[in-house]
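# Overview (structure and organization)
So you can see what is in the structure, the chains are spelled out below.
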Amino acid sequence: MKKIGLALSGGGARGAVHLGVLKALAELNVKVDVISGASAGGIIGAFHAAGYQPEEILDVAKALGIGLFNPFHISLLNDGMMNMDGFKRTFDKHLPKTFEELSIPLYISCTDVVANKTIYFSQGPLTPVLLATACVQVLFETQKHDGYLLHDGGILDNLPTAAICMRCDLLIGVHCNSIDTTDHKYDKKEIMDRTFHMAIQPGVHASLGTCDLQIEPPAMSRFGMFDLRDLRRMFDAGYDHAISMQQEIEAFKGKV
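Quick summary incoming for the structure in this document.

### Re the overall build of the chain
Secondary structure assignment for the chain yields eight helices and eight strands. Put simply, the chain has 256 residues, and 54% of those count as buried. Residue pairs at least 24 apart in sequence account for 76% of intrachain contacts in the chain once pairs closer than 6 positions are excluded. Of the roughly 12100 Å² of accessible surface on the chain, a fraction of 55% belongs to carbon and sulfur atoms.

Encoded structure:
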């Protein structure tokens, strides 16, 4: 039996798309053997690797979102506008302490802002790595771990297929940041979102091109990276798109 790898992109709140895709893959009897992820994709990958079902992860994400912008999380003395205490409490409460305790091997990309390179983590303490990969620059304060100064894993490798391509025989890539090219009205926040993903898009699509199965729900930029009110709609968008690919997914399963 061939091993299946799953790479999940970053995307902030749009990571809820991954949950819908995971639900569809489960219904279509696709089981993965190794996972990689960046930012939101890394967090979702960790919960999946710990045995949580997609709907359960969505509930955790909703609860985290309600408390995320609590004024007590504001950080005025450091290099970010907010601390990550809410994330830390959530990870400590729901997840194992180490990578080794997960049911599925997991690889997480983080950005070393000093050496200007991606660091992949797969061993040791789990929560510090998840905090680092989700540490959006400027918004959150820099994370220190294992001698590194770390930020959002999506800056340099937002779909970390390279971390697991030699550890599986077949690879599924899920990208949750496809850009809507039909809408011509944007506010400042949307322009920042679009330009960031336009900048990293060539690297993401190069990684996606190495995958045996590519899942990329269309026009995802209609959802905001920080729009926590739309988590259910994004979940449904991911599920519906993956189910619409049933023929391609069955063909993929034929290679296993």
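### A few points about unusual backbone geometry
Within the chain, Asp146 stands out as a residue other than glycine whose phi angle is a positive 55 degrees. Examined against the element boundaries, Asp146 turns out to sit in the loop between β5 (143–145) and β6 (148–151). The residue Ala219 is not glycine, and still its phi comes out positive at about 55 degrees. With respect to the secondary-structure elements, Ala219 resides in the loop between β8 (213–215) and α7 (231–244). Look at Ala219 and you get partly exposed, because its relative accessible area is 23%.

### Focus: the pairing of strand β1 (residues 4–8)
Each regular strand carries side chains that alternate between the two faces of the sheet. Of all five residues that make up β1, five are buried, and the element is covered over most of its length. What you see with β1 is no split at all: Ile4, Leu6 and Leu8 on one side and Gly5 and Ala7 on the other are buried throughout. Relative to strand β2 (residues 34–38), β1 runs parallel, the two sharing four bridges. Counted as the bridge partner of Leu8 is Gly37 from β2. Crossover handedness for the path β1 to helix α1 (residues 16–27) to β2: right-handed.

### Digging into empty space enclosed by the protein
This model, assessed by the stated rule, comprises two cavities of 30 Å³ or more. Roughly 470 Å³ of volume is contained in the largest cavity. Lining the largest cavity are 29 residues, and of these Gly12, Ala13, Ala40, Leu64 and Phe87 lie nearest its centre. Listed by contribution, the elements that provide at least two residues to the lining of the largest cavity are α1, α2 (40–49), α3 (54–68) and α4 (85–94).

### Focus on the packing of α7 against helix α8 (residues 246–253)
Relative orientation of the contacting elements α7 and α8 amounts to 65 degrees, with a least axis distance of 5 Å. Packed against α7, whose contacting residues are Ala242, Ile243 and Ser244, the element α8 presents Gln246, Glu248 and Ile249 at the interface. Of the residues assigned to the contact of α7 with α8, the class counts are three nonpolar, two polar and one charged.

### Quick word on the layout of surface pockets
Approximately 210 Å³ is the volume attributed to the second largest pocket. In this structure, the second largest pocket is lined by Leu22, Leu25, Ala26, Val30, Lys31, Val32, His48, Gly51, Tyr52, Gln53, Pro54 and Ile104. Broken down by class, the residue content of the lining of the second largest pocket amounts to eight nonpolar, three polar and one charged.

### Overview of a nonpolar patch on the surface
Judged by side-chain polarity, Val113, Val114 and Leu149 come together as a nonpolar surface patch covering roughly 250 Å² of accessible area. Looking at the secondary structure, you find Leu149 in strand β6. With a relative accessible area of 32%, Leu149 lands in the partly exposed category.

### Describing the packing of aromatic side chains
What the rule picks out here adds up to four aromatic pairs. On the numbers, 5.2 Å between centres and 65 degrees between planes, the contact of Phe47 with Tyr52 is edge-to-face. A relative accessible area of 3% places Phe47 in the buried class. Relative to Phe91, the ring of Phe87 has its centre 6.1 Å away and its plane inclined at 50 degrees; by these criteria the two rings are tilted. Here Phe87 pairs with Phe91, and both are found in helix α4, just four residues apart, close to one helical turn. What makes Phe91 buried here is its relative accessible area of 1%. Three or more aromatic residues joined by ring pairs make a cluster, and in this case those are Phe87, Phe91 and Phe140. A cation over a ring is seen here: Lys23 above Tyr239, with NZ or CZ 5.1 Å from the ring centre.

Calculation rules
Residues numbered from 1 in each chain as written. Predicted model: local features only at pLDDT ≥ 70, side-chain atom pairs only at ≥ 80, totals over all residues. Heavy atoms only, no water. Helix = DSSP H or I, 4+ residues; strand = E, 2+ residues; numbered from the N terminus. Buried < 20%, exposed > 50% of the residue type's maximum accessible area, 1.4 Å probe, protein only. Contact = heavy atoms within 4.5 Å. Areas by Shrake-Rupley, 256 points an atom, 1.4 Å probe, with all protein chains shown as cover. Pairing = 2+ DSSP bridges. Right-handed = clockwise from strand over helix to strand, strands pointing away. 1 Å grid on protein atoms, 1.4 Å probe; cavity = no way out; pocket = protein on both sides within 12 Å on 5 of 7 lines; lining within 4 Å. Points joined across faces, edges and corners; volume = space filled by probe spheres on them. Axes fitted to C-alpha atoms, helices over the stretch in contact; angles between N-to-C directions. Nonpolar A, V, L, I, M, F, W, Y, C, P; charged D, E, K, R; others polar. Patch = residues over 30% accessible without salt bridge, like charges linked within 9 Å, V, L, I, M, F, W, Y side chains within 5 Å. Salt bridge = Lys/Arg side-chain N within 4 Å of Asp/Glu carboxyl O. Phe/Tyr/Trp six-rings, centres within 6.5 Å; stacked < 30°, edge-to-face > 60°. Lys NZ or Arg CZ within 6 Å of the ring centre and 35° of its normal.

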